[in-house]
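Chain and residue survey
Spelled out, the chains give:
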Amino acid sequence: MKTVYIGSSYTSVQNTLEQTARKTGLFGFTPLGEVACKRKNGIRFSLDEDKNLHVYRGRLEMLDRQSIEMAKREVDWPRINAKLDAEYRTVMVKRANAYNQKTAAALMVHTDTETVFSTQAFDQMQANDVPGEYVIPPYPEPAPSFETLVPLIRDEAKVIYPGLFKGDEREAYVAANLEPRLAAEQQAWNYRQSAYLADQARVKAAEDARLQQEWADRQAFYQRLRQGDIETVEDAIELKLKLMDCGLPFSVSYDFGGGLMYATVGLPDRELLPNKTAVLLANGKATLVDKTEEQLNQEWVRCLFNIGTYALPTLFNGSLVIQTVIMSGYTDANSGTMRCVYSAAFRRSGMEGLNVAQADPISLFDCADGRFIIGNGWTLGTVTPFTAADL
């Protein structure tokens, strides 16, 4: 049995609701914690994280109410205030969405999966793979012409016949030398072009042979997949699984023979999902609130089924020989020991052409004679995994 650990390149969203980086503004600085600002008549109006107003002249902040009111009278304050409010709300919406993105990504991970291909689709994929061919680039040096030679010969004539009154001699020199020079330049250019094409012909022969061999290797690879060569299939699945990234770590162990694949999915803990959600208050401020226990359980349960659905097509697409995948998901959450929380027997006949990305993962498992227990408050029970004897 081969095991593949799928890591996560997802960088957790930090609490951007409480942290703001310092940046350079019009006056050479930005107050720490500033969310929105407008400048007018040398005055800077700024809103912080809590939507408190700060007013500056240059680097000096006005702290007394009289100075702040005076500054407001120097500008169109209703207009400035409306723009500050709009900018503040826009920033807070972006921060809330960024914070909630990790949960959203975990709940939508299955939408980035493949479709289980049929025999016809596999045949078409193999037929579309044709040998590459090396294309000889055109000779880069332009051919000589009258237009390119006339300026050169005229420059020579100026050296041979200097002076203001030698125009006729210079033109006669150009006329006498242009055609012989063009013939000589053309002959030399033909020689260089022939040498280039001969060298490129040798390069093309070598490259075409290499590309033909690569194509033959790919065709042999397709045949091994079609025949269900165990090492080839397992390596192909491993390569594709390692390219996955759903934002959470999980593992897939798989083994197959005789058209049946066993797949064990090591599922992530609930603690890896955010336990808070960002919401917007009536004044536009974004704040964090705790999720309920039921909400946390529901998001985690959906995430676990999504991950199984995410990996399922990749397992089937390892080879047309694979007709059934028994997938069982395990977690040590709530018990400290590994326990099976879902198990199902998926058949290729029911998966081919199915738009998995649009399917509901829990319903997908249910339709595959899935074993799982979702209790009150979205708690997960322990089940007995499928075996070949159950088919």
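Thoughts on the packing of aromatic side chains
Under the defined criterion, the tally for this structure stands at 12 aromatic pairs. Geometrically, the ring pair formed by phenylalanine 117 and phenylalanine 122 is tilted, given 5.8 Å between the ring centres and 45 degrees between the ring planes. By relative accessible area, phenylalanine 117 is classed as buried at 16%. Cluster of aromatic residues (ring-pair linked, three or more members): Phe305, Tyr342, Phe346, Phe365 and Phe372.

Remarks on the sheet that holds strand β4 (residues 53-57)
Hydrogen bonds between backbone groups are what pair the strands of a sheet, and the pairing can be parallel or antiparallel. Spatially, 4 strands are ordered β2-β3-β4-β5 in an open sheet, and the strand pairing comes out antiparallel. Of all the strands in the sheet, the pair left with one neighbour each is β2 (34-40) and β5 (60-62). Strand-to-strand, the axes of this sheet are offset by a mean angle of 30 degrees, without reference to chain direction. Sitting on the sheet, helix α1 (residues 65-73) touches β3 (43-48), β4 and β5, and the angle it makes with β4 is about 75 degrees. The sheet strands contacting helix α2 (residues 77-107) are β2, β3 and β4, and the helix crosses β2 at an angle near 155 degrees.

Let's talk about the side chain of glutamate 238
Relative to the helices and strands, glutamate 238 resides in helix α6 (residues 230-242). For glutamate 238, the contacting residues outside a window of four places in its chain are Lys2, Val4 and Tyr254.

Quick notes on the packing of α6 against helix α7 (residues 293-316)
At a minimum axis distance of 9 Å, the contact between α6 and α7 shows a crossing angle of 150 degrees. When the axes of α6 and α7 are compared, the pair comes out roughly antiparallel. The element α6 and its partner α7 pack so that their crossing is right-handed. The residues of α7 that touch α6, namely those facing Ile237, Lys240 and Leu241, are Ala311, Thr314 and Leu315. In the contact of α6 with α7, the residues fall into 4 nonpolar, 1 polar and 1 charged.

Quick word on the environment of threonine 113
Structurally, the position occupied by threonine 113 is in the loop between α2 and α3 (119-128). Of the residues examined, threonine 113 reaches a relative accessible area of 16% and is grouped as buried. Separated by 61 residues in sequence, threonine 113 and valine 174 have C-alpha atoms that sit 72 Å apart. Beyond its immediate stretch of four places on either side in the chain, threonine 113 contacts Thr309, Tyr310, Pro313, Val356 and Ala357. Separated by 2.8 Å, the side chain of threonine 113 and the backbone oxygen of tyrosine 310 make a polar contact.

Notes on α7
With 24 residues, α7 ought to run about 34 Å at 1.5 Å a step, and its terminal C-alpha atoms sit 36 Å apart, in line with that. Taken across its 24 residues, α7 has 19 buried, putting it largely inside the fold.

Brief notes about the sheet that holds strand β11 (residues 339-347)
Read from one edge of the open sheet, 6 strands run β1-β6-β7-β10-β11-β12, paired in mixed fashion. Either end of the sheet is taken by a strand with one partner, and the two such strands are β1 (2-6) and β12 (371-372). In this structure, β11 lies alongside β12, joined through 2 bridges in antiparallel fashion. Considered in β12, the bridge of serine 343 is made with arginine 371. Lying on the sheet, α6 is in contact with β1, β6 (250-257) and β7 (260-266); it crosses β6 at an angle near 160 degrees.

Re the packing of α2 against α7
The angle between the axes and the distance between the axes are what describe a pair of packed helices. One can describe the packing of α2 onto α7 by two numbers: an axis separation of 8 Å at closest approach and a directional angle of 45 degrees. The angle between the axes of α2 and α7 places the two elements in the oblique class. Seen from α2, the contacting residues are Thr103, Ala106 and Leu107; seen from α7, they are Glu299, Arg302, Cys303 and Asn306. Grouping the constituent residues of the contact of α2 with α7 by class yields 3 nonpolar, 2 polar and 2 charged.

Considerations on the pattern of salt bridges
As enumerated under the stated definition, the model contains 28 salt bridges in all. With a shortest N-O distance of 2.9 Å, glutamate 156 and arginine 181 are connected by a salt bridge. With a gap of 25 residues between them, glutamate 156 in helix α4 (residues 146-160) and arginine 181 in helix α5 (residues 167-227) connect regions that are remote in the sequence. Judged by relative accessible area, which is 27%, glutamate 156 ranks as partly exposed. Judged by relative accessible area, which is 23%, arginine 181 ranks as partly exposed. Among the ionic pairs, glutamate 299 bridges to lysine 291, the shortest N-O distance being 2.7 Å.

As for the side chain of serine 253
Tracing the chain through its elements places serine 253 in strand β6. For serine 253, a relative accessible area of 11% gives the class buried. Here the side chain of serine 253 touches threonine 3 through a polar contact of 2.6 Å, side chain to side chain.

Comments concerning the confidence of the model for the protein chain
The share of residues in the protein chain with pLDDT of 70 or more is 93%, and the mean pLDDT across the chain is 88. For the stretch residues 9-30, pLDDT sits under 50, and the model shows 46 contacts to residues farther than four places along the chain or on other chains.

Definitions and limits used
- Residues numbered from 1 in each chain as written.
- Predicted model: local features only at pLDDT ≥ 70, side-chain atom pairs only at ≥ 80, totals over all residues.
- Heavy atoms only, no water.
- Phe/Tyr/Trp six-rings, centres within 6.5 Å; stacked < 30°, edge-to-face > 60°.
- Buried < 20%, exposed > 50% of the residue type's maximum accessible area, 1.4 Å probe, protein only.
- Pairing = 2+ DSSP bridges.
- Helix = DSSP H or I, 4+ residues; strand = E, 2+ residues; numbered from the N terminus.
- Axes fitted to C-alpha atoms, helices over the stretch in contact; angles between N-to-C directions.
- Contact = heavy atoms within 4.5 Å.
- Parallel < 35°, antiparallel > 145°, perpendicular 65-115°, else oblique.
- Left-handed = near helix turned anticlockwise from the far one by under 90°.
- Nonpolar A, V, L, I, M, F, W, Y, C, P; charged D, E, K, R; others polar.
- Polar contact = N/O pair within 3.5 Å; in protein donor to acceptor, adjacent residues only side chain to side chain.
- Expected span 1.5 Å × (residues − 1).
- Salt bridge = Lys/Arg side-chain N within 4 Å of Asp/Glu carboxyl O.
- pLDDT = per-residue confidence, 0-100.

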